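Chain residues, written in single-letter form:
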Amino acid sequence: MQDIFIKLLNMSYQGGIVICFIVLARYILHLIKAPKRCAYYLWFIAFLRLMCPFSFESVISILPQETEPIKTTIIYDQVPEIHTGSTIINQTVNSVLPEANPVTSINPMQVIVVALELIWLVGIGVFIIYSVISFIRLKRRLVGSICLSENIYIADHIDTPFVMGGINPHIYLPSTIGEKEMSYIVMHEQAHVKRKDHIIKLIVFGITIIHWFNPLVWIAYALINQDMEMSCDEYVIKNYGRKNRNEDIRKEYATSLLNLSIGRRRLLDLPLAFGEGDVKGRVKNVARYKKPLIGVAICAVIGIVILGVALLTSPLSTTTLDKVMDEVDAIDESKIDVIVISTPDGEETLPASYGNQIMEFLKTLKVEKKEISKDRSESQNQDYSIRIIYGSEYDVSFVFYVKDDSIRCDNGVKPSFPYRIVNPDEVEDFIQKLFGSITNAIEVPPTDNDMEEIEVSIPTIDLNANLGADGVMLDYADGNIVIFHGYFGLFVYDLNIQKFVRAIDLEAIGCNYTQGDNYCEVLVSEDGTTVYLHPL
């Protein structure tokens, strides 16, 4: 039962997002003067999403990647968390979720979920009981109603017309309405019956009761009933004039709306009646009604279909790159000799010491599970490329090409399929941070408290020059790099490729003295990635 309740919470979350999109789409339909029937059908998307526990995946889905922010395992997790895709929401909610106490046998989240589940069930029960009582009271007011014709009845104790029933719906009219009013009011109610609105209302009401804790669902519930009534209003204005020599009944129709809305009582808290809903909005809509252009109606229908697919489907499932690209797991990090990264601004060669960091990024990079295409011969034009080289005399290499939001790998034998990156900016951010860490690997602290930016230059080496009294000073060494300095400069030598990969002219920045009052202290971090220069 707890799993069902958590599933419902996720469905309500998804439905809330869909409702927000539909409110926006509804406003656009209003601006282009599309028929209200289009806005009415638009709401089917939201309630179908609220009702359906599963969905298909598609590339045009506009829902967030995390469609189920609450996992069913949250009641067992030591540190419970939700994942909505929004850092702010995640941090706000996760900060108040209680952590499990190993001493106690019950996880606090289990208690919370059970309590919320009971409140939810009690709420549903209250709404059902209230609806049943309201229905019984309404049935009592219909005692003594007279059948006018077929399924149309006249009753003395009701204030406004409405439809009641399921398979065999009846139209009930108050005995106080006039003969002319009766003609188009009956047409309005028959439009409801023809479109099965009386059944749709009950289904929508049932879904709303299930999601009674979600305020967005109540907004959707109110708006679908508004659009339902307005679409029937437009149906009457359009068809009544066609049957009665283009007679314009907008004024009389609007007056009937106002008269029948005065002193009305809500029925089951559902706008079942002719005079229900946003009367002011309905009167305005009737007054300015014009036959919609065919082009507008066609565009609205096409838009609804596309939006329906985008909102009723979920984004393609995501995974990490190592799960879909075998080349990632095939790379032996211990054998990496050199890494070459190409960007739009140029090319950078990195020592093997950065291999672990780069491989960790590639392994955890989030991509969509399904490949973009099965064409392995696509152009290798790219925004970025990461070439990983290892093996005797560099005869083995893996190149990862990134273009826009796709990534592929070429191992020199058989290129991989391209996969779509979930967050394309993540690649650029990683490379910039990587280059930043390399640039900052040699830091020169200023002599005062304020940090200042300085320019560094590559030293000019004279092979015949004297090494000085102190000679060469070794600052750091491991299996990959050696860092040393003298008055002539500071150097980083890569043992794997047997080349200098970094050098800085110490004299240009005033750090070339190895002894005396102007002595410059050189310190290297334990991992060999940062050099600190401290002029004394």
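See the structure above.
Presented here is a report on the structure given in the accompanying data block. (Residues numbered from 1 in each chain as written. Predicted model: local features only at pLDDT ≥ 70, side-chain atom pairs only at ≥ 80, totals over all residues. Heavy atoms only, no water.)

## Side note on the overall build of the protein
If you tally the helices and strands in the protein, you get 14 helices and 19 strands. A total of 536 residues make up the protein; the buried ones form 44% of that total. Sequence separation of at least 24 residues holds for 63% of the intrachain contacts in the protein that already meet a minimum separation of 6. With an accessible surface of roughly 29,200 Å², the protein has 57% of that area assigned to carbon and sulfur atoms. (Helix = DSSP H or I, 4+ residues; strand = E, 2+ residues; numbered from the N terminus. Buried < 20%, exposed > 50% of the residue type's maximum accessible area, 1.4 Å probe, protein only. Contact = heavy atoms within 4.5 Å. Areas by Shrake-Rupley, 256 points an atom, 1.4 Å probe, with all protein chains shown as cover.)

## Remarks on the nonpolar core
Ile22, Leu42, Trp43 and Phe47 are the most contacted members of the largest nonpolar core, which totals 44 residues. Leave out the neighbours within four places in its chain, and Ile22 touches Leu42, Trp43, Ile45, Ala46 and Leu311. In this structure, Val367, Phe417, Val427 and Phe430 belong to the second largest nonpolar core, which totals 31 residues. (Core = buried A, V, L, I, M, F, W, Y, C linked by side-chain atoms within 4.5 Å.)

## Some thoughts on the sheet that holds strand S11 (residues 406–410)
If you walk across this open sheet you meet the six strands as S7-S6-S9-S10-S11-S12, and the pairing is antiparallel. Of all strands in the sheet, those bounded by a partner on one side alone are strand S7 (346–351) and strand S12 (419–420). Each of strand S6 (336–343), S7, strand S9 (384–390) and strand S10 (396–403) is contacted by helix H13 (residues 355–364), which is oriented at about 60° to S6, the strand it contacts most. (Pairing = 2+ DSSP bridges. Axes fitted to C-alpha atoms, helices over the stretch in contact; angles between N-to-C directions.)

## A word on the packing of helix H2 (residues 36–51) against helix H6 (residues 197–210)
At a minimum axis distance of 10 Å, the contact between H2 and H6 shows a crossing angle of 40°. Taken together, H2 and H6 sit at an angle that is classed as oblique. Classified by chirality, the crossing of H6 by H2 is left-handed. Contact residues: Tyr40, Phe44, Phe47, Leu50 and Met51 in H2; Asp197, Ile200, Val204, Ile207 and Thr208 in H6. The class makeup of the residues in the contact of H2 with H6 is eight nonpolar, one polar and one charged. (Parallel < 35°, antiparallel > 145°, perpendicular 65-115°, else oblique. Left-handed = near helix turned anticlockwise from the far one by under 90°. Nonpolar A, V, L, I, M, F, W, Y, C, P; charged D, E, K, R; others polar.)

## Brief notes about a negative patch on the surface
Residues Asp425, Glu426, Glu428 and Asp429 make up a contiguous surface patch of negative charge. If you trace the backbone, Asp425 turns up in helix H14 (residues 425–439). (Patch = residues over 30% accessible without salt bridge, like charges linked within 9 Å, V, L, I, M, F, W, Y side chains within 5 Å. Salt bridge = Lys/Arg side-chain N within 4 Å of Asp/Glu carboxyl O. Lys, Arg positive; Asp, Glu negative; His and termini not counted. Charge placed at Lys NZ, Arg CZ, Asp CG, Glu CD.)

## As for unusual backbone geometry
Positioned with a positive phi, Lys33 is a non-glycine residue whose angle comes to about 60°. In this fold, Lys33 is placed in the loop between helix H1 (2–31) and H2. By relative accessible area, Lys33 is classed as exposed at 66%.

## Some words on the pattern of salt bridges
Applying the stated criterion across every chain, the model contains ten salt bridges. A salt bridge links Lys7 to Glu68, with the nearest nitrogen and oxygen atoms 2.6 Å apart. In this pair, Lys7 is assigned in helix H1 and Glu68 in the loop between H2 and helix H3 (87–94), connecting sequence segments 61 residues apart. Taken together, the shared-partner salt bridges in this structure form one network comprising Lys201, Glu229, Asp233 and Arg282.

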